[in-house]
Amino acid sequence: MSSFNPYTENGGAILAIAGADFSVVAGDTRQSEGYSIQTRYAPKVFRLTDRAVLAVNGFAADGNMFVKKVKQRLEWYRHAHAKDMPLRSIARLIQTMLYSRRFFPYYVYNILGGIEEDGSGAVYSFDPVGSYERETCRAAGPAQSLLQPFLDNQIYFKNQQPVPGTAHPTHLPLQVVLSVVIDSFTSATERHIEVGDGLEIYIILAKGRGLQGLEGVKGVQELSISEDSERIFVIRRELKKD
Amino acid sequence: MTSIGTGYDLSASTYSPDGRIFQVEYATKAVENSGTAIGLRVKDGIVLAVERLIHSKLLVPGANRRIQAVDRHIGMATAGLLADGRNVANRAREESSQIRTLWREPPTAVADRLALYAQAYTLYSSVRPFGISTIFGGVDKTGPSLFVVEPSGVCGYHGAAVGKGRQLAKTELEKLKLSELSMREAVIEAARIIYLVHDDNKEKEFELEMSWVGNETGGLHAPVPTDLLAEAEQKAREALETFE
Amino acid sequence: MDHFPTNWGRPRNDMFDAYGTHPIHQRPDNRPKDTFADSVQHTQQPIVTGTSVLAIKYKDGIMMAADNLASYGSLARFKDVQRLHSVGKYTVIGAGGDMSDFQYIQHILEEVQIAEGTHQDGHELGPVEIHEYLSQVMYARRSKMDPLWNSLLIGGFKDGKRFLSYVDLLGTTYSASTLATGFGAYIAQPLLRKAVEGYEDVLTTEQAQNILESCMRVLFYRDARSLDKYQIATITAEGVSITGSLKLQTSWDFAEGIRGYGAQTQ
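Everything quoted here is computed from the prediction, not taken from an experiment.

S.K.: Got a minute to help me understand the overall build of chain B in this structure?
M.R.: In terms of helices and strands, chain B carries six helices and 10 strands. Expected size for 244 residues packed as a compact globule is a radius of gyration near 18 Å; at 18 Å, chain B falls within 12% of this value. Taking the principal axes of its C-alpha atoms as reference, chain B extends roughly 50 × 50 × 35 Å. Among the 244 residues that make up chain B, the fraction classed as buried is 50%. Considering only contacts within chain B whose residues lie at least 6 apart along the sequence, 63% involve residues at least 24 apart.

S.K.: Which parts of the structure should I look at to understand the interface of chain B and chain C?
M.R.: Counting residues at the interface gives 12 residues for chain B, matched by nine residues for chain C. The contact between chain B and chain C buries some 950 Å² in all, and 43% of this surface belongs to carbon and sulfur atoms. The interface formed by chain B and chain C holds two salt bridges in total. Here Glu110 of chain C and Arg72 of chain B are joined by a salt bridge, their closest N and O atoms 3.3 Å apart. Counting across the interface, chain B meets chain C through six residue pairs in polar contact (both at pLDDT 80 or more). Element by element, the count of residues in the side of chain B that touches chain C is highest for helix H2 (residues 82–103) of chain B, at four residues. Residues that form the side of chain B that touches chain C fall into these classes: three nonpolar, three polar and six charged.

S.K.: Any chance you could explain the nonpolar core here in plain terms?
M.R.: Note that soluble globular proteins tend to have their nonpolar side chains buried in a common cluster. In terms of nonpolar packing, the biggest core is built from 34 residues, with Leu48, Ile90, Ile94 and Leu112 of chain A touching the most fellow members. Contributions of two or more residues to this core are made by strand E5 (45–49), strand E6 (52–58), helix H1 (60–81), helix H2 (87–99), strand E7 (108–115) and strand E8 (121–126) of chain A. One finds Ala161, Trp212, Leu229 and Ala232 of chain B within the second-largest nonpolar core, a separate group that totals 33 residues.

S.K.: Teacher, can you tell me more about the packing of helix H3 (residues 184–196) of chain C against helix H4 (residues 205–222) of chain C here?
M.R.: The axes of two packed helices give the description: the angle between them and the distance between them. Residue and element names in this part refer to chain C. With their axes 10 Å apart at the nearest point, H3 and H4 run at an angle of 155° to one another. The orientation of H3 relative to H4 falls into the category roughly antiparallel. Classified by chirality, the crossing of H4 by H3 is right-handed. On H4, the residues touching Gly184, Ile187, Ala188, Leu191, Leu192, Ala195 and Val196 of H3 are Ile211, Leu212, Cys215, Val218, Leu219 and Arg222. Each residue belonging to the contact of H3 with H4 can be placed in one class, and the counts come to 11 nonpolar, one polar and one charged.

S.K.: Whenever I open this one, the sheet that holds E5 of chain A confuses me. Can you help?
M.R.: In a beta sheet, neighbouring strands are held together by backbone hydrogen bonds and run either parallel or antiparallel to one another. All names here are of chain A. Reading across the sheet, the five strands line up as E5-E6-E7-E8-E9 and stay open at both edges, with antiparallel pairing between neighbours. Unpaired on one side and paired on the other, E5 and strand E9 (132–135) mark the two borders of the sheet. Pairs of neighbouring strands in the sheet enclose a mean axial angle of 25°, with direction left out of account. As paired strands, E5 and E6 are joined by four bridges and run antiparallel to one another. Looking at E6, one finds that Val45 is bridged to Ala55. Each of E5, E6 and E7 is contacted by H1, which is oriented at about 10° to E5, the strand it contacts most.

S.K.: Please explain the UniProt feature "domain: Proteasome alpha-type subunits" (unreviewed entry) in chain B as it appears in this structure.
M.R.: Per the UniProt record, the feature "domain: Proteasome alpha-type subunits" (unreviewed entry) sits at residues 8–30 of chain B. Taken end to end, residues 8–30 of chain B is 39% helix and 0% strand, and its two terminal C-alpha atoms sit 18 Å from one another.

S.K.: Where do I start with the arrangement of the chains in this structure?
M.R.: Comparison of the two pairs of chains in contact shows the highest number of contacts for chains A and C. Note that chain A does not reach chain B: the shortest distance linking a C-alpha of one to a C-alpha of the other is 27 Å.

S.K.: Looking at this structure, I do not really get the side chain of Ser16 of chain B. What am I missing?
M.R.: All names here are of chain B. Within the secondary structure, Ser16 sits in the segment before helix H1 (22–32). With a relative accessible area of 5%, Ser16 lands in the buried category. Ignoring sequence-local partners within four residues, the contact set of Ser16 consists of Tyr8 and Phe22.

S.K.: Explain the pairing of strand E4 (residues 74–80) of chain B to me, please; I cannot follow it from the model alone.
M.R.: Every regular strand shows the same layout, with side chains that alternate between the two sheet faces. All names here are of chain B. Buried residues dominate E4, accounting for six of its seven residues. Strand direction decides the pairing type here: strand E3 (residues 67–71) and E4, joined by four bridges, are antiparallel. By the bridge assignment for E4, Asp71 is matched with Ile74. Count of turn residues in the E3/E4 antiparallel hairpin: two residues. Pairing of E4 with strand E5 (residues 132–140), which is carried by seven bridges, proceeds in the antiparallel orientation. Residue pairing for E5: Gly80 is matched across the bridge by Ile132.

S.K.: What is the right way to look at the packing of aromatic side chains in this model?
M.R.: Aromatic rings considered in pairs are described by the distance between their centres and by the relative angle of their planes. Counted under the stated rule, the structure contains 17 aromatic pairs over all chains. Between the aromatic rings of Tyr7 of chain A and Tyr107 of chain A, the centroid separation amounts to 5.2 Å while the plane-to-plane angle is 65°, which identifies the pairing as edge-to-face. On the criterion of sequence distance, the pair formed by Tyr7 of chain A in the segment before strand E1 (14–18) and Tyr107 of chain A in the loop between H2 and E7 is long-range, its members being 100 residues apart. Relative accessible area serves as the criterion here: at 37%, Tyr107 of chain A is assigned to the partly exposed category. Their ring planes at 80° and their centres at 6.1 Å tell us that Tyr221 of chain C and Phe254 of chain C sit as a pair that is edge-to-face.

S.K.: I'm lost on the sheet that holds strand E2 (residues 45–53) of chain B in this one. Help?
M.R.: Residue and element names in this part refer to chain B. Ordered by their spatial adjacency, five strands build an open sheet running E8-E1-E2-E9-E10, and the pairing between neighbours is antiparallel. Edge strands, defined here as strands with exactly one partner in the open sheet, are strand E8 (159–162) and strand E10 (222–223). One ladder, built from six bridges, connects strand E1 (residues 37–42) with E2; its direction is antiparallel. In the strand pairing of E2, Ala37 is matched with Val50. The sheet contacts of helix H4 (residues 166–175) involve E1 and E8, and relative to E8 the element is tilted by about 165°.

S.K.: It is not clear to me how a nonpolar patch on the surface should be interpreted in this structure. Could you clarify?
M.R.: Nonpolar side chains collect at one region of the surface, where Ile47, Tyr72 and Leu75 of chain C lie side by side and expose about 240 Å² of accessible area between them. Here Leu75 of chain C lies in strand E5 (residues 75–78).

S.K.: What is the right way to look at helix H1 (residues 99–117) of chain C in this model?
M.R.: Residue pairs three or four apart in sequence face the same way in an α-helix, which turns once every 3.6 residues. For H1 of chain C, spanning 19 residues, the distance from its first C-alpha to its last is 27 Å, which sits close to the expected 27 Å at 1.5 Å a residue. Among all positions in H1 of chain C, only Met99, Asp101, Phe102, Ile105, His107, Ile108, Leu109, Glu111, Val112 and Ile114 of chain C are buried.

S.K.: Quick question: what am I supposed to make of the side chain of Asn150 of chain C here?
M.R.: Residue and element names in this part refer to chain C. Relative to the assigned elements, Asn150 resides in strand E8 (residues 150–158). The class of Asn150 is buried, set by a relative accessible area of 0%. Polar side-chain contacts of Asn150 include one of 2.8 Å to the backbone oxygen of Asp98.

S.K.: Please clarify how unusual backbone geometry should be interpreted in this entry.
M.R.: In most cases, non-glycine residues show a negative phi, while peptide bonds are predominantly trans. Positive phi, close to 55°, is recorded for Ala82 of chain A, a residue that is not glycine. Structurally, Ala82 of chain A can be placed in the loop between H1 and H2.

S.K.: Is there a simple way to think about the environment of Pro105 of chain A in this case?
M.R.: Residue and element names in this part refer to chain A. Position of Pro105 among the secondary structure elements: in the loop between H2 and E7. A residue is classified by how much of its surface remains accessible, and Pro105, at 24% relative accessible area, is partly exposed. Residues Pro105 and Asp84 lie 21 residues apart in sequence; the distance between their C-alpha atoms is 27 Å. Not counting residues within four places of it along the chain, the set of residues in contact with Pro105 comprises Tyr7, Asp62, Pro128 and Val129.

Quick notes on the rules
Numbers given for residues are sequential positions, taken from 1 along each chain in its written order. Written order decides the labels, with chains lettered from A and ligands numbered from 1. The predicted nature of this model means local features are confined to residues of pLDDT at least 70 and side-chain atom pairs, given and counted, to a pLDDT of 80 or more, with totals for whole chains, interfaces and linings taken over all residues. Side-chain descriptors were evaluated using all non-hydrogen atoms of the structure, hydrogens and water having been removed beforehand. Strands are runs of DSSP state E lasting at least 2 residues, helices are runs of H or I lasting at least 4, and numbering of each runs from the N terminus. The globule rule is 2.2 Å times the number of residues to the power 0.38, and the radius of gyration it is compared with is taken over C-alpha atoms. Categorising residues by exposure relies on relative accessible area from a 1.4 Å probe, with only protein chains included: less than 20% of the type maximum marks a residue as buried, more than 50% marks it as exposed, and the intermediate range marks it as partly exposed. The contact rule is simple, with two residues in contact once any of their heavy atoms fall within 4.5 Å. Accessible surface is computed with a 1.4 Å probe, and the buried area is the amount of it that two parts give up when combined, taken over both parts together. Only one rule defines a salt bridge in this text: a Lys or Arg side-chain nitrogen within 4 Å of an Asp or Glu carboxyl oxygen. Any pair of N or O atoms that falls within 3.5 Å is considered a polar contact. Within protein, one atom must be able to donate a hydrogen and the other to accept it, and sequence-neighbouring residues count only if both atoms are side-chain atoms. Basically, the charged four are Asp, Glu, Lys and Arg, the nonpolar ten are Ala, Val, Leu, Ile, Met, Phe, Trp, Tyr, Cys and Pro, and anything else, Gly included, counts as polar. In this description, a nonpolar core means a group of buried Ala, Val, Leu, Ile, Met, Phe, Trp, Tyr and Cys residues linked to one another through side-chain atoms lying within 4.5 Å. Helix axes use the C-alpha atoms of the stretch in contact, all axes being lines fitted to C-alpha atoms, and the angles between their N-to-C directions lie in the range 0 to 180 degrees. Orientation categories follow fixed angle ranges, with anything under 35 degrees roughly parallel, anything over 145 roughly antiparallel, 65 to 115 roughly perpendicular, and all other angles oblique. The crossing is said to be left-handed when, going from far helix to near helix, the turn is anticlockwise and less than a right angle, and right-handed when the turn is clockwise. Two strands make a pair as long as DSSP finds a minimum of two bridges between them. UniProt positions are given in the numbering used here, feature names are shortened, and annotations may be inferred rather than shown by experiment. Working definition: rings of Phe, Tyr and Trp (its six-membered ring) pair if their centres are within 6.5 Å, and the pair is stacked with planes under 30 degrees apart, edge-to-face with planes over 60 apart, and tilted otherwise. In this analysis, a patch consists of residues with relative accessible area above 30% that form no salt bridge, clustered at 9 Å for like charges and at 5 Å for the nonpolar side chains Val, Leu, Ile, Met, Phe, Trp and Tyr. Where accessible areas are quoted, they stem from the Shrake-Rupley method and a 1.4 Å probe; at the residue level, only the protein chains shown are allowed to cover. Helix span, as expected, comes to 1.5 Å for every residue beyond the first.

Structural data, given as structure tokens:
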């Protein structure tokens with residue numbers, strides 16, 4: 001008789017990329033256990049505030065509970081301070097919440113994306129017990145080993161030589177980033193059995209910086225109400241279901 | 001009052017030399033200021049009715065209800081301090097839930113537990129006896145049962161009346177053949193009695209609040225349906241005119 | 001989803017008893033002993049278990065099915081057990097896994113309903129609330145390392161909306177237009193998806209019933225812990241109804257023609 005194991009692994013992939021004045025956070029919508037697909041639509045990306053989006057991956061029950069608790073803490077913050085918590089503060093909050101369960105961890109990899117108070121796009125990534133750092137891009141989940149090298153190459157230009165006399169760009173335009181995100185997920189869907197079914201891409205644009213080509217994107221839907229603060233959009237796409 | 005100045009009324013845990021507990025009697029006084037509440041145990045169920053006095057025109061209709069649900073099949077009506085009524089109702093729910101968890105069937109003897117609770121509040125200097133009388137009604141596997149729980153004890157009844165108009169209400173209840181009435185008939189009678197005991201000259205407006213448990217409700221405690229309530233009130237007013 | 005409730009919530013381990021042949025209460029315990037382990041007892045394994053529950057969305061609401069068997073290991077112990085249970089006027093829950101834990105769940109749901117009912121404010125718990133509540137209970141219990149050893153389907157219809165969702169001993173939740181627990185997740189779920197996905201709004205009561213019946217039949221043929229006696233629950237705008245026990249029509253004639261393994265080679 002083996003003892004009760006309180007964890008399981010529910011598959012999927014999440015990914016986030018920061019631009020100069022935007023942030024993109026994406027995840028597939030498949031939830032699985034072992035070789036079984038439990039559902040084709042279980043969101044892994046959640047809107048926290050008008051300028052912060054959180055993607056969670058790992059043990060789904062822990063993930064949902066963690067998001068619920070983070071949202072609750074953000075609501076309390078709103079009631080106490082009459083404003084949304086800044087992104088870097090949310091990042092620190094998430095680290096303390098994760099570490100508080102150091103000896104019975106939330107089996108969840110978190111990626112937080114959004115806009116900082118200085119208007120820059122940001123991505124924070126966490127391990128299950130709260131180690132975190134701000135990055136330009138990060139992929140997590142069972143398909144991380146497929147996605148991260150691709151991002152390293154396409155976003156950080158690893159193993160690429162710039163044209164002599166020029167430098168690699170420090171930040172990529174939104175449309176390029178969206179293409180990279182969509183290609184990442186179609187590729188991961190091909191090669192990883194736990195990735196597929198649907199794709200949800202959240203885009204957070206800094207205040208007053210225009211749509212940056214988002215207006216032409218097929219199926220884009222705005223979630224924010226006001227045009228004179230940060231704006232949040234979501235793109236929903238189908239992925240292969242096999 | 002014989003008690004005043006003697007010091008024997010300062011605590012419910014001290015008898016007076018002639019064997020009385022004045023705090024318990026004072027608690028009964030608190031009940032006497034309250035609108036009347038009656039309960040009828042009839043052939044196939046229980047009917048509870050309350051004369052809910054409207055203390056202010058600013059109150060929303062239906063505010064400060066005095067009939068409360070304890071379990072699916074048990075209801076209670078209180079006369080006295082509203083807040084005490086709510087406290088006792090909460091305790092009743094806990095007791096009922098506890099009995100249900102133990103025996104895995106709809107509880108029967110919740111009133112006994114409540115009597116213990118009410119009595120415990122007469123034993124300690126840090127608490128005061130509840131300023132309420134509770135009519136407790138339910139239908140279970142033993143049939144309909146009706147109890148009155150007061151700081152002074154618990155009793156089972158065919159018909160019960162507490163609060164301001166209890167004397168007149170009891171006289172009226174005694175005239176009825178309670179064990180032969182149907183629940184619908186009991187609703188009409190209960191409404192008539194509440195209208196009868198209401199003193200138009202002395203009191204402000206009132207709202208009639210009624211609930212029932214029994215065959216008519218499938219054994220569940222529920223408010224009397226609005227159409228039946230309206231019919232009962234209509235008949236009560238008519239009866240009042242012929243009575244006077 | 002594993003067919004054997006015994007294995008739920010445990011790491012997949014084919015090294016040990018891959019076919020679940022041990023009587024479940026007699027499995028050897030080779031764990032290192034904690035000095036205080038005996039002073040606190042938690043559910044470490046299910047004892048009397050139910051197998052698959054199936055549920056689909058269809059035109060008028062939700063339809064669910066479960067057989068009437070509660071097994072004791074490989075022994076078919078109780079053959080008239082209700083594994084579909086109505087909760088209030090809008091919801092049915094169906095349970096696989098430990099039946100005593102399921103009875104406990106029925107009890108706490110009753111308590112919650114009474115507590116809500118005492119407010120007498122006209123609000124009633126619908127399937128959404130019941131699923132959320134159960135999820136919190138199941139997750140809280142797994143977090144105490146004292147799980148309720150079940151996988152539950154919650155189906156309902158309230159305010160013109162269908163609801164169908166899952167929760168298990170780990171607190172894992174999800175919803176879809178077809179759901180199956182236990183062995184049904186392997187055998188019936190593919191059949192259900194083929195028959196239902198895309199037709200959720202056109203399937204009639206009769207069609208839905210036929211789909212579930214055929215899946216229950218396949219399960220009876222293939223799942224050794226299943227029974228040919230089952231019930232169907234429908235939850236629609238008209239409310240909840242659970243059928244009496246239905247009998248599956250099966251035919252074992254094909255067994256005559258099987259050749260090629262065991263002692264019988266001709």
